[in-house]
Amino acid sequence: MIYYITGGERSGKSSYAQNLALSLSKTPKYIATSRVWDGNHQKRIDRHIADRDHRWTSVEEEKAISSIIKAKDVAVMDCVTLWLTNYFVDTKNDIEESLSLAKEEFNKLLGLDATIIIISNEIGMGVHATTEIGRKFTELQGWMNQHIAKHADKATMMVSGIPLTLK
């Protein structure tokens with residue numbers, strides 16, 4: 001089962017995903033996809049870690065998400081945007097290669113006997129990116145979000161802390 005949760009920054013995605021995971025398992029797994037980019041980003045990561053209690057198993061994995069999800073796991077992947085950033089940076093901003101690699105890894109999740117809750121961001125709904133690299137990443141994110149949503153069993157969009165069912 002794949003749950004897809006999307007929305008804007010600070011829309012309540014992580015809290016919603018964590019509550020969903022805890023309703024499905026007493027011992028969910030939290031998969032953090034972020035690299036530490038700077039001190040401010042580290043503070044954000046630390047806040048997310050502090051939000052979770054002893055019931056959670058936290059795993060950091062930048063790309064190979066499918067390699068750490070086991071049968072019957074309930075896992076929260078947080079988040080697609082940071083996961084895609086890792087591909088985008090590593091391919092020197094090549095949209096096609098990044099999208100291909102991300103789809104290949106995501107498609108491995110489809111065959112797993114697990115419940116996976118995937119958090120993403122709708123970055124294309126905000127201000128239009130002023131740089132070419134920003135516009136390229138927005139396209140990459142949009143295409144990957146569509147791919148995930150298409151294959152998800154359930155999709156939810158968070159707006160101001162309120163979940164809206166998409167499918």
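Notes on the structure follow. (Residues numbered from 1 in each chain as written. Predicted model: local features only at pLDDT ≥ 70, side-chain atom pairs only at ≥ 80, totals over all residues. Heavy atoms only, no water.)

### Some points on the layout of surface pockets
In step 1: Of the pockets and cavities examined, the largest pocket occupies roughly 730 Å³.
In step 2: Lining the largest pocket are 31 residues, with R44, H48, D78, C79 and L82 positioned closest to its centre.
In step 3: Breaking the lining of the largest pocket down by element, the ones donating at least two residues are α1 (13-24), β2 (29-32), α2 (39-51), β3 (57-60) and α3 (80-90).
In step 4: Ranked by the residues each element gives to the lining of the largest pocket, the list is headed by α2, at seven residues.
In step 5: Across the lining of the largest pocket, the residue classes tally to nine nonpolar, 13 polar and nine charged. (1 Å grid on protein atoms, 1.4 Å probe; cavity = no way out; pocket = protein on both sides within 12 Å on 5 of 7 lines; lining within 4 Å. Points joined across faces, edges and corners; volume = space filled by probe spheres on them. Helix = DSSP H or I, 4+ residues; strand = E, 2+ residues; numbered from the N terminus. Nonpolar A, V, L, I, M, F, W, Y, C, P; charged D, E, K, R; others polar.)

### Comments concerning the packing of α3 against helix α5 (residues 132-151)
In step 1: Remark: α3 packs on α5, axes separated minimally by 10 Å, with the N-to-C direction vectors making an angle of 125°. By the criterion of interaxial angle, the relationship of α3 to α5 is oblique. With respect to the hand of their crossing, α3 and α5 are arranged in right-handed fashion. On α5, the residues touching V80, T81, W83, L84, T85 and F88 of α3 are I133, K136, F137, L140, Q141, M144, N145 and I148.
In step 2: In the contact of α3 with α5, the residues fall into nine nonpolar, four polar and one charged. (Axes fitted to C-alpha atoms, helices over the stretch in contact; angles between N-to-C directions. Parallel < 35°, antiparallel > 145°, perpendicular 65-115°, else oblique. Left-handed = near helix turned anticlockwise from the far one by under 90°. Contact = heavy atoms within 4.5 Å.)

Functional significance is not addressed by these values, which are geometric in nature.
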